[in-house]
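# Structural overview for review
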Amino acid sequence: MTNSAAPEEPKYWVKSVARAADILEALAAPSQGNGMSVTEVGQVCSISKSAAFGMLQTLRAYGLVSDDGEGMNRRYRLGMSLARLGDRARSQVSLRGVAHPVLRELTRATGMASRLAVPEDGHAVVVDQVELDQRVRLDLRMGQRELPHCTGLGKALLSAVPPGEAASIVERFGLPRRTSRTITDPATFLSHLRDIARVGYALDDEEDAEGIICIGAPVFDDRSVCAGAVSITGLKLGLPAWRYQELGGRVRDSARRISVSLGWVDAPEDDPSDTAASHSDEIGS
């Protein structure tokens with residue numbers, strides 16, 4: 001099996017379908033940019049050469065695999081039908097629909113209100129939220145535009161764009177002071193964004209409003225483009241510093257779960273092992 005994340009075989013597991021999925025995963029590996037021979041596919045997927053050939057020809061008939069060359073020089077690659085299916089899958093996935101159950105879970109786990117925002121004209125626009133059922137309620141309004149430099153959502157979104165784009169947004173909107181803790185120096189703020197990108201979450205420690213903290217993390221889509229950000233917001237009330245890191249890690253993990261549901265794949269480490277080429281690449285050659 002090439003997919004290490006593959007589940008254990010359930011009751012209705014169809015081995016032929018699983019093998020076809022393994023072949024597609026093998027052809028999708030970054031190291032296979034020049035395609036694979038039938039022998040290489042069989043070796044990587046731990047199936048016979050004849051089984052690999054039959055699977056490849058079937059997938060090719062559906063446009064899920066393409067090939068070029070002849071005989072032992074024939075190489076197989078992913079087919080363009082996958083691009084069409086990918087576009088269809090992307091259109092069927094709703095960021096809000098995917099994120100809302102995660103927001104509910106995040107609120108239950110942290111005891112803080114959680115929100116989802118999308119980028120719009122350099123700001124973060126709140127499109128969904130889960131509030132706490134308690135007497136003390138924060139003024140968290142749907143559709144509200146969050147400032148990019150002093151809120152957890154805004155900083156999380158800025159940390160996920162190229163540095164030049166972030167600098168342009170800072171230059172365009174400035175860094176107006178909201179509280180005594182707001183970062184107002186551009187160089188300091190851009191350095192702060194690099195730290196956020198490194199740890200994976202942003203902390204607004206009373207930078208937008210006195211007594212309020214907000215922790216946000218970016219969400220990425222299947223093209224590794226920032227699609228939005230999630231956050232938790234609550235009263236500071238003497239919250240210990242060590243708790244910030246714990247909450248930040250939970251928000252970051254929640255953002256990653258949403259990202260994976262959108263098709264995002266974390267950059268894998270380079271695999272030094274390459275499958276050896278074979279001189280017998282086709283059935284009957």
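Reference entry: report on the structure contained in this document. (Residues numbered from 1 in each chain as written. Predicted model: local features only at pLDDT ≥ 70, side-chain atom pairs only at ≥ 80, totals over all residues. Heavy atoms only, no water.)

## Considering the overall build of the protein
Stated precisely, the cut-off is as follows: Numbering of helices and strands starts at the N terminus; helices are DSSP runs of H or I of at least 4 residues and strands are runs of E of at least 2. Residue burial is assigned from relative accessible area. The probe radius is 1.4 Å, only protein chains are included, and a residue is buried under 20% of its type maximum, exposed over 50%, and partly exposed in between. Contacts: residue pairs with any heavy atoms within 4.5 Å of one another. Reported accessibility uses the Shrake-Rupley method at a 1.4 Å probe radius. Residues are deemed covered only where the shown protein chains occlude them.
When helices and strands are tallied, the protein shows nine helices and eight strands. For the protein, the residues scored as buried account for 39% of the 285 residues in total. Intrachain contacts of the protein at a sequence separation of at least 6 include 58% that bridge at least 24 residues. Accessible surface for the protein amounts to roughly 15900 Å². Of this, 52% is attributable to carbon and sulfur atoms.

## Comments concerning the nonpolar core
Put simply, the rule reads: To form a nonpolar core, buried Ala, Val, Leu, Ile, Met, Phe, Trp, Tyr and Cys residues must be joined to one another through side-chain atoms within 4.5 Å.
Core analysis: the largest hydrophobic core is formed by 21 residues, its most contacted members being Val219, Val230, Ile232, Val251 and Ile258. Of all the secondary structure elements, the ones that give two or more residues to this core are α5 (95-110), β7 (212-220), β8 (226-235) and α9 (241-261). If you look at the next biggest cluster of nonpolar residues, it comprises 20 residues, including Ala166, Val170, Ile183 and Phe220.

## Re the pairing of β7
Heads up, the condition is: At least two DSSP bridges between two strands are required for those strands to pair.
Buried residues dominate β7, accounting for nine of its nine residues. Examined bridge by bridge, strand β6 (residues 202-205) and β7 share four bridges and lie antiparallel to one another. Considered in β7, the bridge of aspartate 204 is made with cysteine 214. Linking β6 to β7, which pair antiparallel, is a turn of six residues; within it glutamate 206 sits at a positive phi near 60 degrees. Strand direction decides the pairing type here: β7 and β8, joined by nine bridges, are antiparallel. When the bridges of β8 are listed, isoleucine 215 appears paired with isoleucine 232. Hairpin connection, β7 to β8: the antiparallel pair is bridged by five residues, and serine 224 has positive phi, about 65 degrees.

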